[in-house]
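Each chain, letter by letter, is given below.
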Amino acid sequence: MSGWAIATWAAIAVLGVGSALVFAWFIAELRRRR
Amino acid sequence: MTGLDIAVLLAYVGGVLVLGWAVSRRIGSFRDWFVAGGQLTTPLLVCTLVSTYYGLDVLLGGSEVAFIDGVVAWFWYVRPYYLAIILAAVFVAHRLKRYDFLSLPDVAAHHYGRGTQTVIALASFLYSLPLLAIMGLGVLLDVAFGLPFVWGVVLGAAVSVVYTLMGGLVADALTDTVQFTLMCVTLAIAAAIVLEAQGGIDAMRTSLPETYFQPMGSYPGWVLFVFGLSALSVFVEPAFYQRIFAATSYRAVLAALGIGVVLWAAFDWIVTVLGIAAAAAGVDTEPRYALLTLVIEALPAGLAGLFAAGVVATAMSTIDSYLLISGGNIAYDLYRPWRRPDIDDRSMLRLTRWAVLLAAIVSVALALFFRSIVSAWIFMSTMLISAALVPVLVALWLPGRVRPAAGLASSLAGLGSALLFFIAVNAGGATDEEWGTVIWNVRLLGRELALWQEYAVLVALPVSMLAFLLGHWLGAPPREARP
């Protein structure tokens, strides 16, 4: 696999996992406030 | 698009409207509505910053550049923004948190007075009109459902307006969290499926010219420089300022921007790769529609609807945020200081809601009038940079020393010279089919010079600096010292 391909799969992982983590953080904070 | 796709999309739009209605019952004051009462914490800030900045101008504009010229889209069209965002977070955000401002023109009003506030509010209004996102929505509903462009534009704007009017920045930030997750996840899935189908990025390399994978691409150097320079808009970005004022603390802003930059970089890279994939697949369409056409054809039923909802989310998170700002520019920054300086909170809230509606109508009219995306984006950010960058940054860095005449001269001369340059190039030049922009070829001192309309900022920024120095030199000092 070339550097471009590795960068692309890394970006896909960051988007999928990163956004899910941020959303989970938001939900956790919402629960704590209630 | 199947019935399942349409059901997914409708469920999303319905959910957003219900959320707006639920939030509207908790709004008590203008501050609650406009800057969420200063209560935005890190995760909310990440979601609202990332999704607001990522409108269809990036999704379609970025993929447009990638489709035409390859990875230069990431290296030169978007990467300079990360640097600007990090610099703004470190050097500008904490200075802003010291004051009790609600908007970008408030900064000008505090340091230079009403005249400069008005010029910057006008530039901010022009910049903030979400016509690109509204145009993009019209295109999407056309490509996905065959809905006439005009109806798509009006329908998309109407839904965004209704929930922005109801819930203000709180509803905006809350729906941004859903929109943010939806747009990131659907784009990641779409990219994985498209890459699998095409045999990965390495297979694309064999079918495309080598320049597609050179960071400098084949654009002229000056154009790349202007692309990079447009990132300066971050330093005076109204939505960025509004979110800093709305944050609970400076630390929350820093954390949100740090996480945001990583997500933005990933998002942009995927958009770039999908633009290149469309070129490699030989998608036969206008460059700005390449990404949508490729992805909607590649995805199975249900997922296509989810992706369409993701794109609608991308557009709506931008439309609602900027409608709020451009409406605020009319009511809070332009009308209030001249006509009703002592306006009460309830009237301000009511007036701004009407102004949001007005801004939406102007945006829809412009969206139906204009066509191109990248050029329009460069035009709008040029207006903002030319009018606001010099006076606002000097005021934040050297408060107490600035003179009202310097602010007014700088913002007026910057905005004026940028507009004149655009008018001159459009009057004297012609549309260049290869680059899709207006270029004016002139002979100056015996040399051929190709003036792109994108070069306006190269003239306007020095003019704005010069005018600032002249105004400072000739103008009177402020009557009382400012903190």
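Since the model is a prediction, treat every value here as computed from it, not as a measurement.

Definitions and limits used
Residue indices begin from 1 for each chain and proceed along its sequence in written order. Chain labels run from A onward and ligand labels from 1 onward, assigned in the order the entries are written. Where totals are concerned, whole chains, interfaces and linings use all residues; where local detail is concerned, this predicted model gives features only for residues with pLDDT of at least 70, and gives and counts side-chain atom pairs only at 80 or more. For the purposes of this entry, the term helix denotes a DSSP run of H or I that reaches at least four residues, the term strand denotes a run of E that reaches at least two, and both are numbered from the N terminus. C-alpha atoms define the radius of gyration in this analysis, and the globule rule sets the expected value at 2.2 Å times the number of residues to the power 0.38. Around each residue's C-beta, the other C-beta atoms within 10 Å are counted; 20 or more make the residue buried, 12 or fewer make it exposed, and counts in between make it partly exposed. All C-beta atoms are placed from the backbone. Contact between two residues is assigned whenever their backbone-derived C-beta positions fall within 7 Å. Just so you know the grouping, Ala, Val, Leu, Ile, Met, Phe, Trp, Tyr, Cys and Pro go in nonpolar, Asp, Glu, Lys and Arg go in charged, and all remaining residues, Gly too, go in polar. Axis angles are defined between N-to-C directions and span 0 to 180 degrees, where every axis is a line fitted to C-alpha atoms and, for a helix, only to the segment in contact. For classification purposes, angles smaller than 35 degrees are called roughly parallel, those larger than 145 roughly antiparallel, those between 65 and 115 roughly perpendicular, and all remaining angles oblique. Note on convention: near helix rotated counterclockwise from far helix by under a right angle means a left-handed crossing. Clockwise means right-handed. When DSSP finds two or more bridges between two strands, those strands count as paired. Take the number of residues in a helix, subtract one, and multiply by 1.5 Å to get its expected span. Known as pLDDT, the predictor's confidence for each residue is given on a scale from 0 to 100.

> Could you give me a rundown of the overall build of chain B, with the residues and numbers involved?
Assigned secondary structure in chain B consists of 20 helices and three strands. Computed over C-alpha atoms, the radius of gyration of chain B comes to 22 Å, within 12% of the 23 Å expected from 2.2 N^0.38 for 483 residues, which places it in the range of a compact globule. Relative to its 483 residues, chain B shows a buried fraction of 58%. Within chain B, counting contacts between residues at least 6 apart in sequence, those at least 24 apart form 84% of the total.

> Explain the overall build of chain A to me, and be specific about the residues and the numbers.
When helices and strands are counted, chain A shows one helix and zero strands. With the principal axes as the frame, chain A shows a C-alpha extent of 50 × 10 × 5 Å. A buried classification covers 26% of the 34 residues belonging to chain A.

> If you had to explain the interface of chain A and chain B to someone new, which residues and values would you point to?
Accessible area lost on assembly of the parts is the figure often given for the size of an interface. Each partner contributes to the interface: chain A provides 18 residues, whereas chain B provides 27 residues. A per-class count over the side of chain A that touches chain B returns twelve nonpolar, five polar and one charged.

> How would you sum up the environment of Leu87(B)? Please name residues and give values.
Residue and element names in this part refer to chain B. Secondary-structure assignment places Leu87 in helix 5 (residues 72-91). Classification of Leu87 as partly exposed rests on a count of 14 C-beta atoms within 10 Å. On a C-alpha basis, the gap between Leu87 and Ala427 in space is 37 Å, while along the polypeptide they are 340 residues apart.

> Residue-level account of the packing of helix 10 (residues 149-198) of chain B against helix 16 (residues 303-339) of chain B, with values.
Residue and element names in this part refer to chain B. Helix 16 packs onto helix 10 with a crossing angle of 140° between their chain directions and a minimal axis gap of 6 Å. Between helix 10 and helix 16, the angle is such that the two are oblique. Like other packed secondary-structure pairs, helix 10 and helix 16 cross with a definite hand, here left-handed.

> Can you tell me about the pairing of strand 3 (residues 447-452) of chain B, naming the residues and giving the values?
All names here are of chain B. Pairing geometry for strand 2 (residues 437-444) and strand 3, over six bridges, is antiparallel. Pairing of Ile439 across the sheet is with Trp452, part of strand 3. In this antiparallel pair of consecutive strands, strand 2 and strand 3, the connection spans two residues, and Leu445 shows a positive phi of 50°.

> Talk me through the sheet that holds strand 3 of chain B; I want residue IDs and the actual numbers.
Residue and element names in this part refer to chain B. An order of 1-2-3 is seen for the three strands of this open sheet, with the pairing classed as antiparallel. Each edge of the open sheet is held by one strand with a lone partner, namely strand 1 (430-432) and strand 3. Shown here is a sheet whose adjacent strand axes are inclined to one another by a mean of 45°, direction ignored.

> Tell me about helix 1 (residues 3-33) of chain A, and name the residues and values.
The end-to-end C-alpha separation of helix 1 of chain A is 44 Å, in line with the 45 Å expected for 31 residues at 1.5 Å each. Those residues of helix 1 of chain A that fall on the buried side of the exposure criterion are Thr8(A), Ala11(A), Ile12(A), Leu15(A), Gly18(A), Ser19(A), Val22(A), Phe23(A) and Phe26(A). The elements touched by buried residues of helix 1 of chain A are helix 3 (42-53), helix 10, helix 11 (200-207) and helix 14 (250-280) of chain B.

> I'd like to hear about the confidence of the model for chain B, residue by residue, with values.
All names here are of chain B. On average, residues of chain B score 85 in pLDDT, and 96% of them are at 70 or above. Of all helices and strands in chain B, the one with the weakest mean pLDDT is helix 2 (residues 30-35) (76), whereas helix 20 (residues 456-474) scores best (94). Quick note on the complex model: pTM equals 0.84, ipTM equals 0.93.

> Account for helix 13 (residues 238-246) of chain B, with residues named and values stated.
Counting buried residues along helix 13 of chain B, nine of its nine residues qualify, which places the element largely inside the surrounding structure. Among the residues of helix 13 of chain B, Pro238(B), Ala239(B), Phe240(B), Tyr241(B), Gln242(B), Arg243(B), Ile244(B), Phe245(B) and Ala246(B) are the ones counted as buried.

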